Amino acid sequence: MSNTKSPIVGLNSRRDFLKTSVFVGSGLMLSLVLPRGTARAAQSASPRSPSGFIHIGSDDVITIVAPAVEMGQGGHTAMCQMIMEELSGDWAKLRVEDAPADPLYNNPMINMQITAGSFAVRGWYPELRRIGAAAREMLVQAAALQWGVPVVECSAEQSIVTHQASGRALRYGALADAAGKLPSPATPALKEVAAFTVIGHSPKRLDVPPKLDGSALFGIDVDLPGMVYAAIRGAPTLTGKLKSFDDSAAKSQAGYVATVVLDDALIVVATSYWRAKKALEAVTTEWEKGKLGGMDSARVSQLLRSGFAETGTVARNDGDVESARANGAMTLEAVYEVPYLAHACMEPMNCTARVSADAAEVWCGTQAPQAAQAAAAAALGLQKEQVTVHSMYLGGGFGRRGQADYVGQAASAAKAVGRPVKLIWSREEDLSHDYYRPAAAIRFRASLDAAGALTSLESNVVSASAPDFSRPGPPFYTGGVWDTTYSYSIPNFRVTGLNKDFGVRFGFWRAVNDSHNPFMLEGFIDEIAHHLQRDPYAYRRSLLQHQEAHRHLAVLDLLAEKSGWHKPRKGRHLGMAVFPSFGSVIGSVAEISMQGKAVTLHRVVTVIDCGVAVHPENILAQLRGGLVFGLSAVLRGEITLLDGAVSEQNFSDYPILTIAEMPVVDCHIVPSTAAPGGIGEPGTGPIAPALANAIYAATGTRIRTLPLAKLGYTFAASRNRA
Amino acid sequence: MITLNVNGKEHQVDVDADTPLLWVLRDELKLTGSKFSCGIGVCGACTVLMNGQPIRSCVLPVSAVAAGATLVTIEGLSPDRSHRVQKAWLEESVPQCGYCQSGMILSAVALLDRIAHPTDTDIDTAMTNLCRCGTYDGVRKAIHKAAKSPKL
Ligand code: FES
Ligand code: FES
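This is a predicted model, so every value here is computed, not measured. (Residues numbered from 1 in each chain as written. Chains lettered and ligands numbered in written order. Predicted model: local features only at pLDDT ≥ 70, side-chain atom pairs only at ≥ 80, totals over all residues. Heavy atoms only, no water.)

### Regarding the overall build of chain A
This is how it is decided: Each helix is a run of H or I in the DSSP string that is no shorter than four residues. Each strand is a run of E no shorter than two, and both are numbered from the N terminus. Computation of the radius of gyration draws on C-alpha atoms alone. For the globule rule, the value is 2.2 Å times the number of residues to the power 0.38. Each residue's exposure class comes from its accessible area (1.4 Å probe, protein chains only) as a fraction of the maximum for that residue type: buried when under 20%, exposed when over 50%, partly exposed otherwise. Note on contacts: a residue pair qualifies if any of its non-hydrogen atoms lie within 4.5 Å across the two residues. Here the Shrake-Rupley method, with its probe set to 1.4 Å, supplies the accessible areas, and only the displayed protein chains count as covering residues. A residue counts as positive if it is Lys or Arg and as negative if it is Asp or Glu; His and the chain ends are not included. For the purpose of locating charges, the reference atoms are NZ of Lys, CZ of Arg, CG of Asp and CD of Glu.
On a plain count of helices and strands, chain A comes out with 17 helices and 27 strands. Here chain A has a C-alpha radius of gyration of 27 Å; the compact-globule value for 722 residues is 27 Å, and the two agree. In terms of overall dimensions, chain A has C-alpha extents of about 80 × 80 × 50 Å along its principal axes. Relative to its 722 residues, chain A shows a buried fraction of 63%. Pairs at least 24 residues apart make up 76% of the contacts formed inside chain A by residues separated by at least 6 positions. Counting only carbon and sulfur atoms, one obtains 54% of the accessible surface of chain A, whose full area is about 24,600 Å². Computed over 67 positive and 66 negative side-chain charges, the separation of the two mean positions in chain A equals 2 Å.

### Topic: the overall build of chain B
A tally of helices and strands in chain B yields 5 helices and 5 strands. Here chain B has a C-alpha radius of gyration of 15 Å; the compact-globule value for 152 residues is 15 Å, and the two agree. When each of the 152 residues of chain B is scored for burial, the buried share is 60%. When contacts within chain B are restricted to residue pairs at least 6 apart in sequence, long-range pairs at least 24 apart make up 57% of them. The average position of the 15 basic charges and that of the 15 acidic charges among the side chains of chain B differ by 7 Å.

### With respect to the confidence of the model for chain A
Our working rule: Predictor confidence is given residue by residue as pLDDT, running from a minimum of 0 to a maximum of 100.
Here chain A averages 92 in pLDDT, while 93% of its residues score no lower than 70. The model gives residues 1–42 of chain A a pLDDT under 50, and that stretch makes 96 contacts with residues more than four places away or in other chains.

### As for the sheet that holds strand β4 (residues 154–157) of chain A
All names here are of chain A. Threshold: Two strands form a pair only when DSSP identifies at least two bridges running between them. Think of each axis as a best-fit line through the C-alpha atoms, taken over the contacting stretch in the case of a helix, with angles from 0 to 180 degrees between the N-to-C directions.
Spatially, β4-β5-β6 is the arrangement adopted by the 3 strands of the open sheet, whose pairing is antiparallel. Bordering the open sheet on either side are β4 and β6 (168–171), each of which pairs with just one other strand. When the angles between neighbouring strand axes are averaged without regard to direction, this sheet yields 20°. In terms of strand pairing, strand β5 (residues 160–163) meets β6 through 4 bridges, oriented antiparallel. Bridged to I160 within β6 is R171. Across the sheet, helix α4 (residues 120–147) is in contact with β4, β5 and β6; its angle to β5 comes to roughly 45°. Packed onto the sheet, helix α5 (residues 172–179) meets β4, β5 and β6 and runs at close to 75° relative to β6.

### Points about helix α7 (residues 273–281) of chain A
Three or more residues of α7 of chain A are buried, namely Y273, W274, A276, A279 and L280 of chain A. Where α7 of chain A is buried, its residues meet β7 (228–234), α6 (248–251), β9 (256–261), β10 (265–270) and β17 (421–424) of chain A together with α1 (21–28) of chain B.

### Overview of the sheet that holds strand β1 (residues 54–56) of chain A
Residue and element names in this part refer to chain A. If you walk across this open sheet you meet the 3 strands as β1-β2-β3, and the pairing is mixed. Because the sheet does not close on itself, it has two edges, and the strands there are β1 and β3 (94–98). For this sheet the average axis-to-axis angle between neighbouring strands, irrespective of direction, equals 20°. Sheet topology note: the β1/strand β2 (residues 62–66) ladder contains 3 bridges and is antiparallel. Opposite I54, over in β2, you have I64 as the bridge partner.

### Considerations on the interface of chain B and chain A
A common way to state how big an interface is: give the accessible area lost once the parts meet. What counts, and what does not: When two parts are put together, the accessible area they lose, computed with a 1.4 Å probe and summed over both, is reported as buried area. Think of a salt bridge as a Lys or Arg side-chain nitrogen and an Asp or Glu carboxyl oxygen that are within 4 Å of each other. Side-chain atoms alone can form a polar contact between residues adjacent in sequence; in general such a contact is a pair of N or O atoms within 3.5 Å, and within protein one must be able to donate a hydrogen while the other accepts it.
With 46 residues of chain B at the interface, the matching set in chain A holds 63 residues. Taken together, both faces of the contact between chain B and chain A bury some 4,500 Å²; the carbon and sulfur share is 57%. For D213 of chain A, the salt bridge is made with R81 of chain B, and the minimal N-O distance between the two is 2.9 Å. Along the contact surface separating chain B from chain A lie 29 residue pairs in polar contact (both at pLDDT 80 or more). Listed by contribution, the elements that provide at least two residues to the side of chain B that touches chain A are α1, α2 (84–91), α3 (101–114), α4 (120–126) and α5 (136–148) of chain B.

### A closer look at α2 of chain B
Residue and element names in this part refer to chain B. For α2, the set of buried residues is R84, V85, Q86, A88 and W89. Against α3 and α5 lie the buried residues of α2. Downstream of α2 by a residue or two, S93 has a phi angle that is positive, lying close to 45°.

### Quick look at the pairing of β10 of chain A
Residue and element names in this part refer to chain A. Here β10 lies mainly inside the structure; 6 of its 6 residues are buried. With burial as the criterion, each face of β10 is covered, one bearing A265, I267 and V269 and the other bearing L266, V268 and A270. By the bridge criterion, 5 bridges tie β9 to β10 in an arrangement that is antiparallel. Within β10, the residue paired with A258 across the bridge is V269. Taken together, β9 and the strand that follows it, β10, pair antiparallel across an intervening segment of 3 residues.

### Observations concerning the layout of surface pockets
Residues and elements named next belong to chain A. We apply this condition: A 1.4 Å probe that fits but cannot get out identifies a cavity on a 1 Å grid over protein atoms alone, an open set with protein on both sides within 12 Å along at least five of seven lines counts as a pocket, and a residue lines either if it has an atom within 4 Å of a point. Grid points are joined across faces, edges and corners, and a volume is the space filled by probe spheres set on the points. In this classification, Asp, Glu, Lys and Arg are treated as charged, Ala, Val, Leu, Ile, Met, Phe, Trp, Tyr, Cys and Pro as nonpolar, and every other residue, Gly included, as polar.
Considered as a void within the structure, the largest pocket measures approximately 1,300 Å³ in volume. Along the wall of the largest pocket there are 46 residues; nearest its centre are F119, R122, F476, N513 and F582. Ranked by residue count, the leading element in the lining of the largest pocket is strand β21 (residues 573–581), at 4 residues. Counted by class, the lining of the largest pocket contains 25 nonpolar, 14 polar and 7 charged residues.

### Re the domain arrangement of chain A
Residues and elements named next belong to chain A. Heads up, the rule is: Those domain boundaries reflect an automatic or database domain assignment.
Annotation of chain A at the domain level lists domain 1 (2–213), domain 2 (219–290 + 349–424) and domain 3 (514–717). Between domain 1 and domain 2, the residue contacts involve 26 residues of the former and 22 residues of the latter. With both chains or domains summed, domain 1 and domain 2 bury close to 1,900 Å², and 58% of this area falls on carbon and sulfur atoms. On the surface where domain 1 and domain 2 come into contact, there are 5 residue pairs in polar contact (both at pLDDT 80 or more). Its residues assigned to classes, the side of domain 1 that touches domain 2 comprises 11 nonpolar, 9 polar and 6 charged.

### Focus on the state of the cysteines
Put plainly, a disulfide is one covalent bond tying together the sulfur atoms of two cysteines. Condition: Whenever a pair of cysteine sulfur atoms sits within 2.5 Å, that pair is classed as a disulfide.
If you walk through the whole model with that rule in mind, you get 0 disulfides over all chains. In this model C80 of chain A remains outside any disulfide bridge; the closest cysteine sulfur is found in C97 of chain B, 19 Å from its own. Judged by relative accessible area, which is 0%, C80 of chain A ranks as buried.

### Concerning the nonpolar core
Keep this limit in mind: Nonpolar core, defined: a set of buried Ala, Val, Leu, Ile, Met, Phe, Trp, Tyr and Cys residues in which side-chain atoms within 4.5 Å join the residues together.
Core analysis: the biggest nonpolar cluster contains 222 residues, and Y340, V407 and L691 of chain A together with W89 of chain B have the highest contact counts within it. Of the residues forming this core, the biggest block, 9 residues, is contributed by helix α16 (residues 616–636) of chain A. Once residues within four sequence positions are removed from consideration, W89 of chain B is found in contact with L212 of chain A together with V94, P95, Q101, M104, I105, A108, V139, A142 and I143 of chain B. Residues F53, I54, I83 and C154 of chain A belong to the second largest nonpolar core, which totals 49 residues.

### Overview of the pairing of strand β4 (residues 53–56) of chain B
Residues and elements named next belong to chain B. Two strands pair when backbone bridges link them, and strand β3 (residues 47–50) and β4 are joined in this way by 4 bridges, in the antiparallel orientation. Bridge assignment links M50 to a residue of β4, and that residue is Q53. From the end of β3 to the start of β4, which pair antiparallel, there are 2 residues, and N51 there has a positive phi angle of about 50°.

### Quick look at the packing of helix α3 (residues 75–87) of chain A against α4 of chain A
Residue and element names in this part refer to chain A. Basically, it comes down to this: Left-handed describes a crossing in which the near helix is turned anticlockwise from the far one by less than a right angle; the clockwise case is right-handed.
Contact geometry for α3 and α4: axes closest at 7 Å, N-to-C directions at 35°. In this structure, the crossing between α3 and α4 has a hand that is right-handed. On α4, the residues touching A78, M79, M82, I83, E86 and L87 of α3 are A120, V121, W124, Y125, L128, R129, G132, A133, A135, R136 and L139. The class makeup of the residues in the contact of α3 with α4 is 13 nonpolar, 1 polar and 3 charged.

Here you go:
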């Protein structure tokens, strides 16, 4: 298994793997030697061959090179399931390794090697199944050739090829050598969904056992001979630059090795991490504030809202919103807003680097190995190909580890001191130098006719420091709003997007746009329903009477059924939200009771249609985990700016949910044979609108901004189900 | 030189007296199962057992470890993941990213030593470890499950 203890150096090393493979020289493993340069890029086009993905040793051990990293979302196991299903391999003989930085492992859906956006299973489902099936056909063919019988008379199961008629059988390990020399079929036969025995089942996740005894190796656990340790202080403002520093007091401290000056940060290297941290504290620094100087959260809010008066990019414009509004019997308007948020992975950012004149190695948890490779190469003035990335387990990713700032920093430090360096950020650095989920606001304007029909909806989305990817189509951050009529039918529909870049670094935060846009839109739909005195469930249903909404409708109906929507318990109030998210459709109902501003959450019911449920047990875990992530943000999540610097420094002022606050959660998966949808992110979004709508149902107070703590609400979860 | 009894073995370490126990375990003794996350005693990722009590090793200077104190880290809980808490954790597939889990497991061990059959409220009070991945349901279930299996 990858990332478990024993060899301290070169752990989980792709290079070692290749070396061993070449020397042992058996079976499919030979094909693991990757072609260089342009041939490589060509290889990353579908259909890929099993090369580089599957290695079967003469000992029958199947090693799968996983193109998705493991950050607790079950990526390794899901990648293996898709291959093993079609390979008909013996799960007990399985090992998994992380892929090196290489375009061969670019996710076919987005052509990037990144584990993010709930793309891993969605993007790899066809390709990895095809790869597994191709390998199986090669193994079967090798057996058939050896026995001199037709291929159709042979079958494969549990890593054994059998010729029924003669009773002969061969293990994959004995066939791998010959199979590896056969051409890889481009269109192997795939199993029917109904015949799956691995996909749709829940084999024990491969990363669980080493996470029970301390043997799982995260980036922060890497240990190299001669290694020294580094602590870092970044510019207090996110646009800041180092003006001057005085490290004379640090230099006299025990174990001090060096000061490494970066443009926007200062690093102190010492013989232990504790010494590095203490020596860094002894350094005084002066900084230029840059563009963010003077900016604070109140001003961000003001500027966001001033954006409604500006003309944004038109993301969508169906019908004629203006005349619908002019002719409407009634208009409704509301503004929703959310603050910046930090990822706060439990494992703070860190990286270990070893650098020589013409090569470098980095060890880290990363969601984007090629980004890590590029960051190190840029910091060192090397070519990308000269940098080897060793992917480790991630102590949380949530989008933060798609950025590779910490990799470049570690590489710079290792180069400066001429020794391997392990750079570890403090929690304070981690929270105040994140790439943040942007603050955002939406102004909604709806018109209704005399009969109460929704005739138009305009949504003006303003985002603080979102990316403007230079690509055609609606602005990125309007996702989840501009595309909403694929669910709700609204005849006149207009969406604009405006990006206010204040200089706060943008980050993909679990659920990305769906961490806030559904809070706003599902809140506003609830407002319309209540305005019309319609039941929020029945009202949503009335907007979903079209063919494209059938999955949405099924989720909504199951949600109503499972939550007891029509018969709430005495003293309980229900709030609902449902929306498409990352290729799935998800909805939640929050069941609360209230006393004044004290919210008690009794239960959350969540329903998802995620297509084929690859690993049901893990899907449920992701839904619960997503809920915890979302609920932390709803209750207390806020990153505030003061004179351009982030105020929150640790879990003491950026609190996350505790076990005592964990609500009772019932999750349901809608059975489906459709291609898989995303699962890592969708669970984060629904709790905000569901809870806010429940609070409205209980009190008549509409929640249009977060977090709840800032509005004076207190929170408790109750496990008493009666 | 400071002498530490960790996982049943005596170790001599030569470190600055103010070094938190966590960094001695991780960097000197190479017991990296104990994790650094907040460094201020809030999150519990660094939890180890000192004389059977869960402590936050990131805020305990190594010089403050009482002479003769016995320390247990996740690596020393059992030689083969056979502790009932580890077994229950496996059955419930509790970990997600896993980073908080050493601390979670050791806190659960200490809780079960103190209270054989903890209630949900006991769990809420004792398990103050933070988990960003949200494994709390699994933690709760696994503790109840472990409580039902005999203590070895
Ligand atoms: S790292 Fe010690 S309590 Fe958080
Ligand atoms: S499992 Fe990831 S922080 Fe708990």
